[in-house]
Amino acid sequence: MKPPRPEAYPVRTHNGKPVALCAERKATDMTLFSELTQAPADPILGVTEAFKADERTGKVNLGVGVYLDGEGKLLLLGCVAKAADRIAAIHAPHAYLPIDGLGDYLDQVRELVFCADSPLLADKRVVTVEALGGTGALRLGADMLHEVAPGAKVLVSDPSWENHQALFARAGFEVGTYRYYDATNRGVDVEGMLADLRDAEAGTIVVLHACCHNPTGYDLDHEQWAKVVDIIAERDLVAFCDMAYQGFAEGLAEDAFLVRLCAGKLDNFLVATSFSKSLTLYGQRVGALSVVCADAAEAERLRSRLKIVIRTNYSNPPIFGALVAATVLSDEELRTDWHAELATMRERIKAMRTALLTELQARGIDDMGHVVVQRGMFSYTGLTADQMRALRTDHGVYGTDAGRICIAGLNDTNLAKVADAIAAVRMIR
Ligand code: LMR
């Protein structure tokens, strides 16, 4: 049978314009997607894409928050390798996990985040669900909150991890900022932050970086956090703690200070956690969302709601990374190894901060002492977007346009090159 003549094809339209079917399409015809414009590259992962495309030798990627060892290699923790070997040796089938994730993993996460003897756990007030990394945890929380309180506003720190703003906006929220970075005094504008939180409407969701603020590296001290949490309680705000870097500032328990403070004062709050950095499980996407509820019954109702969000997005989470994390955390020997390996990462980052400052000072730069004050993986250098671009194009040193560099990507081999590059671009005004 002959194909029908072109005019016999049904005419489809898009935005009022006829859309040609494949069989008859000319290069100039409209398609469903032909009016789409190119989206900008991701402000962080786009830097990695540009880095990979750079053919120069000696290039340095300080864009993404990934820990590299002293030789510039992506690290596989010994405890993770051992756990993975044990799991592989079992040859277990790849079953579906329950919608909310692997039970042993969820138990371990709750204890790590809230502390094993937390009354919240004894009272079954915490719902923890597995999530696709810290980002997935934030998005699950955002989607759930949007169902419960669609009209609420979200406040993120100024500045914040770029994806915070994008992710909450995509979940349907209006996203604003509270003051955070004090560029003049290089630190946190605590009074500004407290004032903005005091002014927030009841029900506003406040995203807080529990430790190792991303991107600035400036954290609040205990007293300042206490003031923040008091305002959150008084003003009936909703704290959403992002704790993607637990263990990278002082230690696992120390870095959970904010979460444990909230636990003593708030009926409801949320915590997004991740093992991307602390267990170097980046690509396995191992995170969790914990939601604190007023009582056990509320927690069970909340769990049922979160399960719907998960089921309608990706059905149930992946198994391998959660098994690895649960194995490391539940085995005394592996857990001890982990604590030591995490401390090694943390201390190497601190040593690199000091080394970078020394290199900068040797080049006559005497106003970058903040590099050793900041905590966690990142340094907010104070360089402008133009200077950061010059760092990339002229020197092959990649950081984000916001002026953030990942100190965990520095090593003895690339340090001098990075310091040279920073010294050179600082001349650009
Ligand atoms: C970062 O801030 O570099 C990391 O959290 C990776 C990411 O997903 O952005």
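Just so we're clear, the structure is a prediction, and the values are computed from it rather than from any experiment.

Novice: Just to check I follow, could you spell out the overall build of the protein chain for this structure?
Specialist: When you go through the protein chain residue by residue, the secondary structure sums to 16 helices and 15 strands. Taken against the 2.2 N^0.38 rule, which gives 22 Å for 429 residues, the C-alpha radius of gyration of the protein chain at 24 Å falls within 12% of a compact globule. Across the 429 residues in the protein chain, those meeting the buried criterion constitute 51%. Taking the average location of the 45 positive side-chain charges in the protein chain and that of its 57 negative ones, the two points are 6 Å from each other.

Novice: How should I be thinking about the environment of Asp 158 in this particular structure?
Specialist: If you trace the backbone, Asp 158 turns up in strand E5 (residues 153-158). Residues Asp 158 and Leu 270 lie 112 residues apart in sequence; the distance between their C-alpha atoms is 20 Å. Discounting residues that sit within four places of it in the chain, Asp 158 has contacts with Thr 177, Tyr 178, Tyr 180 and Tyr 181.

Novice: How should the pattern of salt bridges be read in this particular structure?
Specialist: Side-chain pairing between opposite charges can occur once the charged atoms of the two side chains come close. Across all of its chains, the model carries 22 salt bridges by this definition. Where Asp 337 meets Lys 82, a salt bridge forms, and the shortest distance between an N and an O atom there is 3.2 Å. With a gap of 255 residues between them, Asp 337 in helix H13 (residues 332-362) and Lys 82 in helix H2 (residues 78-90) connect regions that are remote in the sequence. Between Lys 350 and Glu 347 there is a salt bridge whose closest N-O contact spans 3.9 Å. With Lys 350 and Glu 347 both in helix H13 and 3 residues apart, this pair spans about one turn of that helix.

Novice: Even after reading the chapter, I still don't get the sheet that holds strand E12 (residues 286-292), so can you show me in this structure?
Specialist: Paired through backbone hydrogen bonds, the strands of a sheet run either parallel or antiparallel to each other. Across the sheet, which stays open at both edges, the 7 strands sit in the order E4-E12-E11-E10-E9-E5-E6 with mixed pairing between neighbours. In this open sheet, the two edge strands, each paired with only one partner strand, are strand E4 (126-132) and strand E6 (174-179). With strand direction ignored, the average angle separating the axes of adjacent strands in the sheet is 25°.

Novice: Looking at this structure, how should I read the environment of Val 148?
Specialist: By the secondary structure assignment, Val 148 is in helix H5 (residues 133-148). Assessed through its relative accessible area of 62%, Val 148 is described here as exposed. For the pair Val 148 and Ala 39, spaced 109 residues apart in the sequence, the C-alpha separation amounts to 31 Å.

Novice: I would appreciate a short explanation of the site of the ligand in the present structure.
Specialist: Every residue near the ligand is listed here: Ile 44, Val 64, Gly 65, Trp 161, Asn 214, Tyr 245, Lys 277, Phe 378 and Arg 404. Measuring from an oxygen atom of the ligand, one finds a side-chain N or O atom of Tyr 245 at 3.4 Å. Within the side chain of Arg 404, a nitrogen or oxygen atom sits 2.8 Å from an oxygen atom of the ligand. Its free accessible area being 260 Å², the ligand has 83% of it covered by the protein chains. Residue classes in the shell around the ligand are distributed as 5 nonpolar, 2 polar and 2 charged.

Novice: Just checking my understanding: could you explain the environment of Val 372 for this structure?
Specialist: Topologically, Val 372 is positioned in helix H14 (residues 370-373). In sequence terms Val 372 and Ala 351 are 21 residues apart; their C-alpha atoms lie 9.0 Å from each other. Residues in contact with Val 372, not counting those within four places in the same chain, are Arg 353, Thr 354 and Leu 357.

Novice: Looking at this model, I keep getting lost on the side chain of Asn 61. Mind explaining?
Specialist: Inspection of the secondary structure puts Asn 61 in strand E3 (residues 60-61). Taking the relative accessible area as the measure of exposure, Asn 61 reaches 16% and is therefore buried. Side-chain polar atoms of Asn 61 contact the backbone nitrogen of Gly 63, separated by 2.9 Å. Those residues within four positions of Asn 61 in sequence are excluded, and the remaining contacts are Val 47, Thr 48, Phe 51 and Tyr 398.

Novice: What am I meant to see in unusual backbone geometry here?
Specialist: Where the residue is not glycine, phi is negative for most of them; where a peptide bond is considered, it is trans in most cases. With an omega of 5°, the peptide bond between Asp 158 and Pro 159 qualifies as cis. Topologically, Pro 159 is positioned in the loop between E5 and helix H6 (162-170). Across the junction of Asn 214 and Pro 215, the peptide omega takes the value 25°, indicating a cis bond. Along the chain, Pro 215 turns up in the loop between strand E9 (205-209) and helix H8 (222-234). Positive phi outside glycine occurs at Arg 186, with the angle close to 50°. Here Arg 186 is to be found in the loop between strand E7 (181-182) and strand E8 (187-188). By relative accessible area, which is 30% here, Arg 186 ends up partly exposed. Backbone geometry at Arg 285 places phi at a positive 55°, although glycine is not the residue there. Inspection of the secondary structure assignment puts Arg 285 in the loop between strand E11 (269-274) and E12. A relative accessible area of 31% means that Arg 285 is categorised as partly exposed.

Novice: Could you clarify how one ought to interpret the packing of aromatic side chains in this entry?
Specialist: Two descriptors summarise a pair of aromatic rings, namely the distance from one centre to the other and the angle between the planes of the rings. The tally for this structure, following the rule as stated, stands at 11 aromatic pairs. Measuring from centroid to centroid gives 5.9 Å for Tyr 105 and Phe 275, while their planes differ by 65°, and the two rings are edge-to-face. Here Tyr 105 is found in helix H3 (residues 103-114), whereas its partner Phe 275 is found in the loop between E11 and E12, with 170 residues between them in sequence. Residue classification places Phe 275 among the buried positions, given a relative accessible area of 4%. On the numbers, 5.8 Å between centres and 85° between planes, the contact of Phe 168 with Phe 240 is edge-to-face. Here Phe 168, found in helix H6, pairs with Phe 240, found in strand E10 (residues 238-243); they are 72 residues apart in sequence, far enough to count as distant. Across the pair, exposure class does not vary: Phe 168 and Phe 240 are buried alike. The ring of Phe 51 carries Lys 59 above its face, with NZ or CZ at 4.4 Å from the centroid.

Criteria and thresholds
Residues numbered from 1 in each chain as written. Predicted model: local features only at pLDDT ≥ 70, side-chain atom pairs only at ≥ 80, totals over all residues. Heavy atoms only, no water. Helix = DSSP H or I, 4+ residues; strand = E, 2+ residues; numbered from the N terminus. Rg over C-alpha atoms; globule rule 2.2 N^0.38 Å. Buried < 20%, exposed > 50% of the residue type's maximum accessible area, 1.4 Å probe, protein only. Lys, Arg positive; Asp, Glu negative; His and termini not counted. Charge placed at Lys NZ, Arg CZ, Asp CG, Glu CD. Contact = heavy atoms within 4.5 Å. Salt bridge = Lys/Arg side-chain N within 4 Å of Asp/Glu carboxyl O. Pairing = 2+ DSSP bridges. Axes fitted to C-alpha atoms, helices over the stretch in contact; angles between N-to-C directions. Near = heavy atom within 4 Å. Polar contact = N/O pair within 3.5 Å; in protein donor to acceptor, adjacent residues only side chain to side chain. Areas by Shrake-Rupley, 256 points an atom, 1.4 Å probe, with all protein chains shown as cover. Nonpolar A, V, L, I, M, F, W, Y, C, P; charged D, E, K, R; others polar. Phe/Tyr/Trp six-rings, centres within 6.5 Å; stacked < 30°, edge-to-face > 60°. Lys NZ or Arg CZ within 6 Å of the ring centre and 35° of its normal.

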